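# Commentary on secondary and tertiary structure
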Amino acid sequence: MSAPSYLSNPSLLRIPALLREVYAGNMRVPRFQRPFIWKPEQRLELFDSIYRGEPIGSILVWRTSKQELPCYTWHGPAVVFEARAESAPEYVLDGHQRLNTLYHGLSAGLIASIEEETNAYDEPVSGQGEVPEGGPVFFDLEKREFSLWKPRGDPPLSWLPMAFVFDAYRMDEYRATLRDQKNPSKQREWYRLTQKVSSQFTDYTIPVIPLVTEDQEHAIRSFSRINSGGTPVSEAHFLSALTWTRHFDLNEGLEEVRSALREAGWGDIKLDVMVRTGKALLGKELYQNDQDVVSAFKKRPAIVDDIKGALSRLVDFLAETPEPRQNVVTPARIMGPGVLPYDLQAVFLADALQTDASPALHGEPVARLREWLWITSLGEYFYSVKYRQLRRTTAHLVDVLAGNTEPAPEDLDSPIVWKPRFDFRSGRSRFLCLLMAGLGPRDTDDKAVSADMLLAQLGREAAVRLFTKRELGTGTSAKDRADSPGNRILVDPRQSGKLKRRLQRQPDTLTPGFWLSHGFNDQARDAVLRGDWTDAINERNAVLEHVECTFAESLGIEYERSTSRASRFDAFLRQALAP
């Protein structure tokens, strides 16, 4: 038996007809789609492609007679209607950003002609939405290119407002102004160009392909595959759309959770992390996106409160100052989502901290849970996620809390090796920042720096690059040193200029406490004093590797060193950890 065909025959709609469908509520953009996020250059490229007659792709819509999804009632600042048609609604699955760009840029004139209203090109049809970055779109008749104008007075006469293209009355008014200028040749040239622009946008056709199905799982799968290559769309928005009722709005509930966590510095936690926490609490697989998950969320509206409780306990757990470990540098507190090495750690820890085995955020069981966090960070356990690995993690953490097993997962890759390149997007680099913060950084005036808070608030901006590639020499090795962890220092970026000047011009005025708190041993400090940045970076890399290595070994993790000069760095640790 052949597989069912879900795709109906595509229809070719001219742009005015397409925008009328949007305005009338026949073609809707569900709220699981992200709001308008295109940059100005992307908007202009779309208009330019249409003007030149180049293809811009098709619009894929989901046609269903049974599903009712919450939708946007505006695009940019332009209003649309939630429903005006009696036929089955069509929900946009692919093409949202293109449709939004066209609707915002062209609909004012179209709506004016429909409702016989006059709308200025620089005023939104409705104040409900957000004005896209860069202002309204114009066609520069002089340069024959599209531009954006931020309304500050009147634009040049040669700038045709694209909002006039589908409004015959305003277009005639604009053309009348062209006739008044003194250069007759320009009058004719610009007049012909306005005709060309109007014709191109009026006659341009866009294929609309309907996905006709009542199968939610199929629609979800199709949507996910289509959008995997473009701008990622949050599964939280999609799940919110599928679970929405008049009495339950998952997205609204998650935003309330965010607000509740904001005071603790976790207001930027990802919606998908919250959704996956909810799945874990409901006993569902984290990457499961089917009708079973939708039904589970629908049946338990109180899941939002559960997510809030679980994440609140997680935030308290991560904000606790870890107990110092003997003869090693202990990582600093994690005070925000951007510092956590892996999002999945938040999900599993939040779920684990809800069990009966963790009545309080202290004691041996929870200390072992903290070790699990450190081990999985150093071991990059969630760098490449395997489904079997995820299934085992929940059961493993239950045993860890109960004291029945070691914190290290059985399938942890070992030995661990030093990562010579620093990239804050990497969980391993973020964890190294936590270790650097554990050294207790001090500023150039020898005052303590709240490095954990700096990391939480500024993320990668708090890990300042010390020296440029040019200052470190030439060639590949210089680039490697410039990109290495040894070339990063935790400091408020507003103070980075002062710090660099002191290092380069007055390094002898810096205190021993400053050098130790930033991972400079005697050799690294001496290299800075003589202006040898290459040796300073190389030596500091070795120091930070030793800090990471000794901490890993204190957890019972095998670590493969790239240097054998351990005794020199042990002396550094003794000084750095001295009371």
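Residues numbered from 1 in each chain as written. Predicted model: local features only at pLDDT ≥ 70, side-chain atom pairs only at ≥ 80, totals over all residues. Heavy atoms only, no water.

## Overview of the overall build of the chain
When helices and strands are tallied, the chain shows 22 helices and 14 strands. Taking all 579 residues of the chain together, 51% fall into the buried category. Accessible surface for the chain amounts to roughly 27300 Å². Of this, 46% is attributable to carbon and sulfur atoms. (Helix = DSSP H or I, 4+ residues; strand = E, 2+ residues; numbered from the N terminus. Buried < 20%, exposed > 50% of the residue type's maximum accessible area, 1.4 Å probe, protein only. Areas by Shrake-Rupley, 256 points an atom, 1.4 Å probe, with all protein chains shown as cover.)

## A closer look at empty space enclosed by the protein
Rolled over the atoms, a probe with the dimensions of a water molecule shows which regions are left empty. Evaluated as defined, the whole model comprises four cavities of 30 Å³ or more. Quantified by volume, the largest cavity comes out at close to 60 Å³. If one sorts the elements of the lining of the largest cavity by residue count, helix H13 (residues 364-378) sits on top with three residues. Looking at the lining of the largest cavity residue by residue, the class counts come to eight nonpolar, no polar and three charged. (1 Å grid on protein atoms, 1.4 Å probe; cavity = no way out; pocket = protein on both sides within 12 Å on 5 of 7 lines; lining within 4 Å. Points joined across faces, edges and corners; volume = space filled by probe spheres on them. Nonpolar A, V, L, I, M, F, W, Y, C, P; charged D, E, K, R; others polar.)

## Overview of the side chain of Gln345
Here Gln345 lies in helix H12 (residues 343-352). A polar side-chain atom of Gln345 sits 3.0 Å from a polar atom in the side chain of Ser377. Ignoring sequence-local partners within four residues, the contact set of Gln345 consists of Leu340, Trp372, Leu373, Thr376, Ser377 and Phe382. (Polar contact = N/O pair within 3.5 Å; in protein donor to acceptor, adjacent residues only side chain to side chain. Contact = heavy atoms within 4.5 Å.)

## Concerning helix H15 (residues 427-438)
An ideal rise of 1.5 Å per residue puts 16 Å on twelve residues; H15 measures up with 17 Å between its terminal C-alpha atoms. Burial within H15 is extensive, with eleven of its twelve residues counted as buried. The complete set of buried residues in H15 reads Gly427, Arg428, Ser429, Arg430, Phe431, Leu432, Cys433, Leu434, Leu435, Met436 and Ala437. Gly440, located one to two residues past H15, shows a positive phi value of around 75 degrees. (Expected span 1.5 Å × (residues − 1).)

## As for unusual backbone geometry
Looking along the chain, the bond that leaves Ser414 and enters Pro415 is cis, with omega of 0 degrees. In this fold, Pro415 is placed in the loop between helix H14 (387-402) and strand S11 (416-417). Even without being glycine, Asn327 reaches a positive phi, approximately 65 degrees. Considering the arrangement of structural elements, one finds Asn327 in the loop between helix H11 (303-319) and H12.

## Description of the sheet that holds strand S3 (residues 59-63)
The pairing of strands in a sheet comes from backbone hydrogen bonds and takes either a parallel or an antiparallel form. Spatial strand order, S1-S10-S3-S6-S2: five strands in an open sheet with mixed pairing. At either margin of the open sheet sits one strand with a lone partner, and together these are strand S1 (11-14) and strand S2 (27-28). Sheet topology note: the S3/strand S10 (residues 205-212) ladder contains five bridges and is parallel. The residue of S10 that forms the bridge with Arg63 is Val212. Each of S1, S2 and S10 is contacted by helix H1 (residues 15-24), which is oriented at about 95 degrees to S1, the strand it contacts most. (Pairing = 2+ DSSP bridges. Axes fitted to C-alpha atoms, helices over the stretch in contact; angles between N-to-C directions.)

## Some remarks on the pairing of strand S6 (residues 90-94)
Most of S6 sits out of view: four of its five residues are buried. With two bridges connecting them, S2 and S6 associate as parallel partners. Within S6, the residue paired with Met27 across the bridge is Glu90. Relative to S6, S3 is paired through four bridges, and the arrangement is antiparallel. Of the residues in S6, the one forming a bridge with Trp62 is Tyr91.

## Some thoughts on a nonpolar patch on the surface
Nonpolar side chains collect at one region of the surface, where Tyr287, Val385 and Tyr387 lie side by side and expose about 290 Å² of accessible area between them. With respect to the helices and strands, the residue Tyr287 is situated in the loop between helix H9 (271-281) and helix H10 (291-299). (Patch = residues over 30% accessible without salt bridge, like charges linked within 9 Å, V, L, I, M, F, W, Y side chains within 5 Å. Salt bridge = Lys/Arg side-chain N within 4 Å of Asp/Glu carboxyl O.)

## Comments concerning the nonpolar core
Residues Leu311, Leu314 and Leu455 are the most contacted members of the largest nonpolar core, which totals 98 residues. Examining the composition of this core, we find that nine residues originate from one element, H11, more than from any other. When neighbours within four sequence positions are excluded, Leu311 is seen to be in contact with Val257, Leu261, Ile269, Met274, Thr277 and Ala350. Core analysis: the second largest hydrophobic core is formed by 44 residues, Val61, Leu148, Leu193 and Tyr204 among them. (Core = buried A, V, L, I, M, F, W, Y, C linked by side-chain atoms within 4.5 Å.)

## Structural notes on the layout of surface pockets
Of the pockets and cavities examined, the second largest pocket occupies roughly 620 Å³. Together, 29 residues line the second largest pocket, and Lys270, Pro337, Gly338, Leu340 and Asp343 are the ones closest to its centre. Looking at the lining of the second largest pocket, the elements that each hand over two or more residues are H9, H12 and helix H16 (451-458). Sorting elements by how many residues they give to the lining of the second largest pocket places H16 first, with four residues. Looking at the lining of the second largest pocket, its residues break down into 16 nonpolar, five polar and eight charged.

## A few points about the confidence of the model for the chain
Per-residue pLDDT for the chain averages 85, and the proportion of residues at 70 or more is 85%. Per-residue pLDDT, averaged within each element of the chain, yields its smallest value for strand S5 (residues 78-79) (62) and its largest for H15 (97). (pLDDT = per-residue confidence, 0-100.)

## Some remarks on the packing of aromatic side chains
In this structure the tally under the stated criterion is 18 aromatic pairs. Between Trp515 and Phe520, the aromatic rings sit 5.2 Å apart at their centres with planes inclined by 80 degrees, giving edge-to-face as the arrangement. The exposure class assigned to Trp515 is buried, which follows from its relative accessible area of 4%. Among the residues examined, Phe520 registers a relative accessible area of 3% and is labelled buried. Ring pairs connect the aromatic residues Phe47, Tyr51, Phe139, Phe146 and Phe201, which therefore count as one cluster. The side chain of Arg175 reaches across the aromatic face of Tyr191, ending 5.3 Å from its centre. In this structure, Arg370 is placed above the aromatic ring of Phe317, and the distance from its NZ or CZ to the ring centre is 4.4 Å. (Phe/Tyr/Trp six-rings, centres within 6.5 Å; stacked < 30°, edge-to-face > 60°. Lys NZ or Arg CZ within 6 Å of the ring centre and 35° of its normal.)

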